[in-house]
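# Close look at the chain arrangement
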Amino acid sequence: MEGHSLPRSEVVGGAKGALHLRANARVVRALGLRSIRQTFRRPQLMAPIVVFPTILLAIQTGGAGSAVELPGFPPVQSFLQFMLAGAMMQSLMLAGNSGGIALAVDIEMGFTDRLFAAPISRYAIVLGRLAGTAALGLFASLWFFAIGLVFGAEIAGGVPGALLSIALVTVTAAAVGGIGAAIALRTGSASVVQGLFPLVLVVLFLSSAFFPVGLMIEPAKTIAEYNPFSFIVEGVREPIVSGVDATETAEALLAIAGIVVIGLGLSARALRHRLRVG
Amino acid sequence: MDATANLPAWRVNLATIGALMSRAKNELLRVPGAAIPGVLAPTIFFLGLNGVFGALTQLKGFETGAYESFIVPVSMLQGAGFTGAAAGVNMARDIEQGWLDRLLVSPAPRWVLLAGTVLAASARALIPGAFVFAIALLLGAGWPGVDGLLVTFFMVAAMAAVAACWGSMLALRFKSQSAAPLMQAGMMALILTTTAYAPLALLQGWLEEVARVNPVTQVVEAARQGFVGGVSWAETWPGLLALLGLLLVFGALALREMRRTGA
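Residues numbered from 1 in each chain as written. Chains lettered and ligands numbered in written order. Predicted model: local features only at pLDDT ≥ 70, side-chain atom pairs only at ≥ 80, totals over all residues.

## Observations regarding the overall build of chain B
So the rule is basically this: Comment: elements are numbered from the N terminus, with helices defined as DSSP H or I runs of at least four residues and strands as E runs of at least two. The atom set for the radius of gyration is the C-alpha atoms, and the globule formula is 2.2 Å times the number of residues raised to the power 0.38. Working definition of burial: number of other C-beta atoms within 10 Å of the residue's own, with buried at 20 or more, exposed at 12 or fewer, and partly exposed in between, all C-beta atoms being placed from the backbone. What counts as a contact is two residues whose backbone-derived C-beta atoms lie within 7 Å of each other.
Broken down by element type, chain B carries eleven helices and zero strands. Its helices and strands taken in sequence order, chain B reads α-α-α-α-α-α-α-α-α-α-α from the N to the C terminus. Since a compact globule built from 263 residues should have a radius of gyration of about 18 Å, the 19 Å found for chain B is in line with a globular shape. If one aligns the C-alpha atoms of chain B with their principal axes, the spans along those axes are about 70 × 35 × 35 Å. The burial tally for chain B puts 52% of its 263 residues in the buried class. Of the contacts made within chain B by residues no fewer than 6 positions apart, 82% connect residues no fewer than 24 positions apart.

## A short note on the overall build of chain A
Along its length, chain A carries eleven helices and zero strands. Counting from the amino terminus, chain A carries its helices and strands in the arrangement α-α-α-α-α-α-α-α-α-α-α. Over its C-alpha trace chain A gives a radius of gyration of 21 Å, about what one expects of a compact globule, namely 19 Å for 278 residues. Principal axes of the C-alpha set define a box for chain A whose edges measure 70 × 55 × 35 Å. Sorting the 278 residues of chain A into buried and exposed places 48% on the buried side. Considering only residue pairs separated by 6 or more positions, chain A has 80% of its internal contacts joining residues 24 or more positions apart.

## What to know about the packing of helix H7 (residues 145-174) of chain B against helix H11 (residues 233-260) of chain B
All names here are of chain B. This is how it is decided: To get an axis, a line is fitted to the C-alpha atoms, and for a helix only the part in contact is used. The angle between two axes follows their N-to-C directions and goes from 0 to 180 degrees. Should an angle fall under 35 degrees it is taken as roughly parallel, and over 145 as roughly antiparallel, whereas 65 to 115 is taken as roughly perpendicular and any remaining angle as oblique. Crossings are sorted by hand: turned counterclockwise from the far helix by less than a right angle, the near helix makes the crossing left-handed, and turned clockwise it makes it right-handed. Put simply, Ala, Val, Leu, Ile, Met, Phe, Trp, Tyr, Cys and Pro go in the nonpolar bin, Asp, Glu, Lys and Arg in the charged bin, and everything else, Gly too, in the polar bin.
Look at H7 against H11: their axes get within 8 Å of each other, and the N-to-C directions meet at 20 degrees. As far as their axial angle goes, H11 and H7 are roughly parallel. For the pair H7 and H11, the sense of crossing is left-handed. In contact with Val151, Met155, Ala158, Ala161, Val162, Cys165, Trp166, Ser168, Met169, Leu172 and Arg173 of H7, H11 contributes Thr236, Gly239, Leu243, Leu246, Leu247, Phe250, Gly251, Leu253, Ala254, Glu257 and Met258. Taken together, the residues that form the contact of H7 with H11 break down as 16 nonpolar, four polar and two charged.

## Notes on the interface of chain B and chain A
Taken together, the contacts link 31 residues of chain B with 27 residues of chain A. Mapped by element, the contributors of at least two residues to the side of chain B that touches chain A are helix H2 (36-53), helix H8 (180-192) and helix H9 (205-213) of chain B. A per-element tally of the side of chain B that touches chain A places H2 of chain B first, with nine residues. By residue class, the composition of the side of chain B that touches chain A is 22 nonpolar, nine polar and no charged.

## Things to note about the packing of helix H3 (residues 79-108) of chain A against helix H8 (residues 197-205) of chain A
All names here are of chain A. The N-to-C vectors of H3 and H8 enclose an angle of 150 degrees; their axes lie 10 Å apart at closest approach. In terms of their interaxial angle, H3 and H8 are classed as roughly antiparallel. Between H3 and H8 lies a crossing of right-handed hand. On the side of H3, the interface is formed by Met89, Gln90, Met93, Leu94 and Asn97, while H8 contributes Phe197, Val200, Val203 and Leu204. Residue composition of the contact of H3 with H8, grouped by class: seven nonpolar, two polar and no charged.

## Here's the deal with the environment of Pro128 of chain B
Residues and elements named next belong to chain B. Here Pro128 lies in helix H6 (residues 126-138). Sequence separation between Pro128 and Phe53 is 75 residues, and the spatial gap between their C-alpha atoms is 22 Å. Leave out the neighbours within four places in its chain, and Pro128 touches Gly38, Val39, Pro42, Gly79 and Thr83.

## Description of the nonpolar core
Going by this rule: Note on terminology: a nonpolar core is a set of buried residues of type Ala, Val, Leu, Ile, Met, Phe, Trp, Tyr or Cys, with members joined through C-beta atoms within 7 Å.
In terms of nonpolar packing, the biggest core is built from 172 residues, with Met89 of chain A together with Leu77 of chain B touching the most fellow members. Residue contributions to this core peak at 18 residues, all from H3 of chain A. Not counting residues up to four positions away in its chain, the partners in contact with Met89 of chain A are Leu204, Ala209, Phe229, Ile232, Val233 and Val236 of chain A.

## Some remarks on the environment of Gly251 of chain B
Along the chain, Gly251 of chain B turns up in helix H11. In the structure, Gly251 of chain B is positioned 82 residues away from Met169 of chain B in sequence and 8.4 Å away in space, judged by C-alpha atoms.

## Observations concerning the environment of Ile125 of chain A
All names here are of chain A. Secondary-structure assignment places Ile125 in helix H5 (residues 122-150). Note: C-alpha distance between Ile125 and Phe145 (20 residues apart in sequence) is 31 Å. Leave out the neighbours within four places in its chain, and Ile125 touches Leu31, Thr112 and Leu115.

## Observations concerning helix H11 (residues 246-277) of chain A
All names here are of chain A. Stated formally: For a helix, the expected span equals 1.5 Å multiplied by the residue count minus one.
Given a rise of 1.5 Å per residue, 32 residues ought to cover 46 Å, and the 46 Å separating the end C-alpha atoms of H11 matches this to within 8%. Considered for burial, the residues of H11 that qualify are Ala252, Ala255, Ile256, Ile259, Gly263, Ser267 and Arg274. On its buried face, H11 is in contact with H5, helix H6 (158-187) and helix H10 (228-241).

## Quick word on unusual backbone geometry
A cis amide bond links Glu218 of chain A to the next residue, Pro219 of chain A, at an omega of 5 degrees. Within the secondary structure layout, Pro219 of chain A lies in the loop between H8 and helix H9 (220-226).

## Side note on helix H1 (residues 9-30) of chain B
All names here are of chain B. Here is the rule: Comment: arc refers to directions from the helix axis out to C-beta atoms.
In this model H1 runs 31 Å from its N-terminal to its C-terminal C-alpha over 22 residues, within 8% of the 32 Å that 1.5 Å per residue would give. Restricting attention to buried positions, one finds in H1 the residues Thr16, Ile17, Leu20 and Met21. Down the axis of H1, the buried set is contained in an arc of 130 degrees. They therefore lie on one face. Across H1 from its buried face, at more than 90 degrees, point the exposed residues Arg11, Gly18, Ala19, Ser22, Asn26, Leu29 and Arg30. Looking at the packing, one finds that the buried side of H1 touches helix H5 (110-124).

## Some points on the confidence of the model for chain A
In plain terms, the rule: How sure the predictor is of each residue is captured by pLDDT, a score from 0 to 100.
When the pLDDT values of chain A are averaged, the result is 82; 93% of them are 70 or greater. Per-element averaging of pLDDT across chain A places helix H7 (residues 190-194) of chain A at the bottom with 71 and H10 of chain A at the top with 92.

## Brief notes about the confidence of the model for chain B
Looking at chain B as a whole, the pLDDT averages 87, with 95% of positions reaching at least 70. Reported for the predicted complex are a pTM of 0.79 and an ipTM of 0.71.

Here it is as structure tokens:
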């Protein structure tokens, strides 16, 4: 079996790499858990993720529920079923924003400086925060599925459809969290990241999160047609309202990939900036 | 000798309320950026709801064909809700920084301290109200007439007072800015569980029931009347009565917390 053995230096190098990876994974896990605990302990971080989207879901479903009678409204079992994806999107975007605020608070309080001084990968620090945001996205999707099921919404795609939607929401939360983290690292100011809260609402309103694009009013309609978040919403919604659709899923994944690339790119630049300015 | 020593109590109280309102005004002038979220949030909601739910006017039962006219008073009231909640957050900050303690040891009655905060919020709510109204006019919302406009702005100012009482009550109870989401969520729920999105007949199930008993529905309808038709006393007095009731209830609760604080 000599042909399969590696030179000693490579074996040592490979083992070192594996150890390094394991150490980083431990850091990501620890920071991710810290980020989740932080969110559950602070009502000002938890409220935007669960309370506000739930209140809005209830009010919009009750207030605009008759919209399903409008000509051109896609066939759905109920307006609640239609709105579940929008509520999940709202929740995950606010989770990304909250993650950014928490990271900025860590920077303001000097916690991030201590992490930077520790013998751990700098990227693991950001990934830890994103892992926490992804977990909150997962929690949000489960929360809204539970609400939907309790109040009579059907999941047309069944368990596989629900799992697909949950996966898309979780990954999108991490992707959006990347943008929040980038802004936090760049500015180091919690109030600046908090100031982006209205922007989250703008992005949501200018997407198909709350209403079918075809029934929206110009210019919101045209903007929503090209808004990448509309593709993600449709990818999450389709398994709920009519079943898994490969095209919608592929478009959603493409949009998520775009946001991941932007988020990672911005985060990497911001991290370099943060390390330079301290 | 103290210049206020010979003044009647009501004049001293009035001067204290004026000073507290002036402090709130100074905050606004010195940190104008602090007012932006309060203006931006209702504006975004107005533009967003109009763009998203505008087609609802095609449903039978809508009093108007222009959703911007239908929704603008709601957004103005939302602005009042945000402003009132912000007054609560500011009070929580004052508690955290020890400023309220200093006010409490002054000879000013507790209700005067509360009135200063509440009236300042009422005045401040006119800023987001005016901004949203201007945007709505630009987008083609109907002119409500001078009487309609006066009724709407009165409702906005009074709703901000209600929200400020609610925010102050929570600030005094929790003594922390962490209670901010509760202040905002409470007002958001109170204002939106009404005929905010659609007329009563078009609301679904539970919301229709809640909107029927929610007193803010009367406030929304009174504020809206000039935008969707004519102004009448029959549509105005239920709103005034509802506001009076809300002010009495939330004012009493806030005052109770104020009296308990530092007692």
